[in-house]
Amino acid sequence: SDGEWNQGNDPVAYASTCVANNITVHTVCFLASGTGPAALQSIASTTGGSYYLATDAASLNTAFQQLAYSLPVVLTK
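All residue numbers refer to positions counted from 1 along the written sequence of the respective chain. Only residues with pLDDT of 70 or above have their local features reported here, since the model is predicted, and side-chain atom pairs are shown and tallied only from 80 upward, although totals for entire chains, interfaces and linings are computed over all residues. Side-chain metrics rest on all non-hydrogen atoms present in the structure, leaving aside hydrogens and water.

Turning to the overall build of the protein chain, a few remarks are in order. Per the secondary structure count, the protein chain includes 3 helices and 2 strands. Secondary structure of the protein chain in N-to-C order comes out as α-β-α-β-α. For the C-alpha atoms alone, the extent of the protein chain along its principal axes is close to 40 × 35 × 20 Å. For the protein chain, buried positions account for 23% of its 77 residues. Any two residues having at least one pair of non-hydrogen atoms within 4.5 Å are treated as being in contact. Sequence-distant contacts in the protein chain: of pairs separated by 6 or more residues, those separated by 24 or more amount to 61%. Accessible area for the protein chain stands at about 5400 Å²; split by element, carbon and sulfur atoms hold 56% of it. In DSSP terms, a helix is any run of H or I states spanning at least four residues, a strand is any run of E spanning at least two, and both are numbered starting from the N terminus. Only protein chains enter the accessibility calculation, which uses a 1.4 Å probe; a residue whose area is less than 20% of its type maximum is buried, one above 50% is exposed, and one in between is partly exposed. Methods summary: accessible areas were calculated by the Shrake-Rupley approach with a probe of 1.4 Å, and residue burial reflects only the protein chains presented.

Here it is in structure tokens:
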């Protein structure tokens, strides 16, 4: 995301609802300007998630790899 809120509920305020429901939110920011990065950092921090800044294809790939390795494996039938 670019982190700019443009529809629905304020995501920074909604982060407390996520905490109340035991939901962790990880965020990936594609832009490093404006208020977006701070909002995404706040959401991740509030919910116990991780924040990643992806400025190019390589850093985006790294962010998704780190996320994939950090999430639990759930096996279903």
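On we go from here.
Fitted lines through C-alpha atoms serve as axes, helices being fitted only where they are in contact, and the angles separating the N-to-C directions of these axes extend from 0 to 180 degrees. The interhelical angle for the contact between helix α1 (residues 11-20) and helix α2 (residues 36-47), taken along N-to-C directions, is 10°, at an axis separation of 9 Å. The angle between α1 and α2 places the two elements in the roughly parallel class. Packed against α1, whose contacting residues are P11, V12, A15, S16, C18 and V19, the element α2 presents A39, S42, I43, T46 and T47 at the interface. Each residue gets one label: Ala, Val, Leu, Ile, Met, Phe, Trp, Tyr, Cys and Pro are nonpolar, Asp, Glu, Lys and Arg are charged, and the others, such as Gly, are polar. Classifying every residue of the contact of α1 with α2 gives 7 nonpolar, 4 polar and no charged. Each angle gets one of four labels, with under 35 degrees taken as roughly parallel, over 145 as roughly antiparallel, 65 to 115 as roughly perpendicular, and the rest as oblique.

For the rest of this paragraph, the subject is helix α3 (residues 57-70). Its 14 residues give α3 an end-to-end C-alpha distance of 20 Å, which sits within 8% of 20 Å, the value for a rise of 1.5 Å per residue. Pairing of N or O atoms within 3.5 Å defines a polar contact, subject to two protein rules: one partner must be a possible hydrogen donor and the other a possible acceptor, and residues neighboring in sequence count only if both atoms are side-chain atoms. The N-cap of α3, judged by a side-chain oxygen 3.2 Å from the amide nitrogen of A58 a few residues on, is D56. By this rule the span expected of a helix is its residue count minus one, scaled by 1.5 Å.

Let us look at unusual backbone geometry. Not every positive phi belongs to a glycine, and N22 is a case in point at roughly 60°. In this structure, N22 sits in the loop between α1 and β1 (27-29). On the basis of relative accessibility, which here comes to 73%, the residue N22 falls in the exposed class.

The next subject is the side chain of T27. Positionally, T27 belongs in strand β1. Using a relative accessible area of 5% as the deciding quantity, one classes T27 as buried. Within the local environment of T27, its side chain forms a polar contact with the backbone oxygen of L40, the two atoms lying 3.1 Å apart. Leave out the neighbours within four places in its chain, and T27 touches L40, I43, A44, S50, Y51 and Y52.

Secondary-structure assignment places T47 in helix α2. For T47, a relative accessible area of 9% corresponds to the buried category. Of note is the side chain of T47, whose polar atom sits 3.0 Å from the backbone oxygen of I43. Sequence-distant contacts of T47, that is, excluding residues within four places in its chain, are made with A15, C18, V19, I23, T24 and V25.

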